[in-house]
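Overview (structure and organization)
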Amino acid sequence: MRYLILSDIHANWEGLAAVLESAAGLYDRIVCCGDLIGYGADPNPVVDWTRANIAMVVRGNHDRACTGLDDLEWFNPVARAAATWTLQALGPENADYVRALPKGPLMAGGFALMHGSPMDEDQYVVEARDAAPVFSYLEAPVAFFGHTHLQGGFVWIRQRARLLRIPADGLVELDPECAYLLNPGSVGQPRDGDPRAAYIVYNPEERIVQFHRVPYDVATAQNKIRRAGLPQVLADRLAVGR
Ligand code: ZN
């Protein structure tokens, strides 16, 4: 079984469509580390597609905020405006689906799936020192997370957490002696300086993780955000991946 690992789609239909086209034939099942919606202008197409196609999704903080589960006071003004817009735009069945998404971590095919960390679904795991305590809470030697919108991850080797270096070809062979905390990056709003949509294909039998980036129609996604009356900065940042 080969898995397409997605995260942080954020209602960006163009990003998602490009990922699916690029990954066609490379996977058998799709799983997602959360944040289906919020920021982008296509929450209904993304959730419709998710309901039909994704085997397992954990909820993200924007999935909670955009369906009324969270107090929006905790969000910055831009995220709050997007959450309010999404709450109004989302169809009732899609809102029910998102509201019912499970909190991570979930186990899927021998690996774990979470939005932030096993201790806190809202934790940003950015540096090796953030990742170090996470490894002791993992129920599987391979776990996927999102939330930071930074493609990459961490490896637990010789009792230490280290930043994983992604080689130029994106291919990482997993060492059975190590544990891995891996982030596919964001489909819909990358923040690592690379505006291309990000994803992982994982083959547990062969112990291979392939990191991917794919260009998508950023201009169309931006135009939809502007036409929807969402904050301008949400359109601007897609072009620079920040
Ligand atoms: Zn997110």
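Each chain carries its own residue numbering, running from 1 in the written order of its sequence. The predicted origin of the model limits local features to residues at a pLDDT of at least 70 and limits the giving and counting of side-chain atom pairs to 80 or more, whereas totals for whole chains, interfaces and linings rest on all residues. For side-chain calculations, the full set of non-hydrogen atoms in the structure is used, while hydrogens and water are omitted.

Quick word on the pairing of strand 8 (residues 160-163)
A regular strand carries its side chains on alternate faces of the sheet. What counts here: At least two DSSP bridges between two strands are required for those strands to pair. Numbered from the N terminus, helices here are DSSP runs of H or I no shorter than four residues, and strands are runs of E no shorter than two.
By the bridge criterion, 4 bridges tie strand 7 (residues 152-157) to strand 8 in an arrangement that is antiparallel. Across the sheet, W156 pairs through a bridge with A161, a residue of strand 8. The antiparallel pairing of strand 7 with strand 8 creates a hairpin that spans 2 residues between the two strands, and R158 there sits at a positive phi of about 50°.

A few points about the pattern of salt bridges
The criterion, for reference: A carboxyl oxygen of Asp or Glu within 4 Å of a side-chain nitrogen of Lys or Arg is what we treat as a salt bridge.
For the structure on display, the rule yields 13 salt bridges. The salt bridge involving E14 is made with K224; its shortest N-O contact spans 2.6 Å. Taken together, the positions of E14 in helix 1 (residues 13-23) and K224 in helix 7 (residues 218-227) put the pair 210 residues apart, joining distant regions of the chain. Here the residues in one salt-bridge network are R59, R64, D70, E121 and D122, joined through shared partners.

Topic: the sheet that holds strand 9 (residues 171-173)
Ordered by their spatial adjacency, 6 strands build an open sheet running 3-2-1-11-12-9, and the pairing between neighbours is mixed. Looking along the sheet, the strands with just one partner apiece sit at the ends: strand 3 (56-57) and strand 9. Both strand 2 (residues 29-32) and strand 3 contribute to a ladder of 2 bridges, which runs parallel. Across the sheet, V31 pairs through a bridge with M56, a residue of strand 3.

Remarks on the environment of I225
Worth spelling out the cut-off: Burial status follows relative accessibility: with a 1.4 Å probe on protein chains alone, a residue under 20% of its type maximum counts as buried, one over 50% as exposed, and anything between as partly exposed. Contact between two residues is taken to exist if any of their heavy atoms lie within 4.5 Å; hydrogens are not considered.
Looking at the secondary structure, you find I225 in helix 7. Using a relative accessible area of 3% as the deciding quantity, one classes I225 as buried. On a C-alpha basis, the gap between I225 and L113 in space is 29 Å, while along the polypeptide they are 112 residues apart. Residues within four places of I225 in sequence aside, it is in contact with Y39, G40, A41, L230, P231, L234, A235 and L238.

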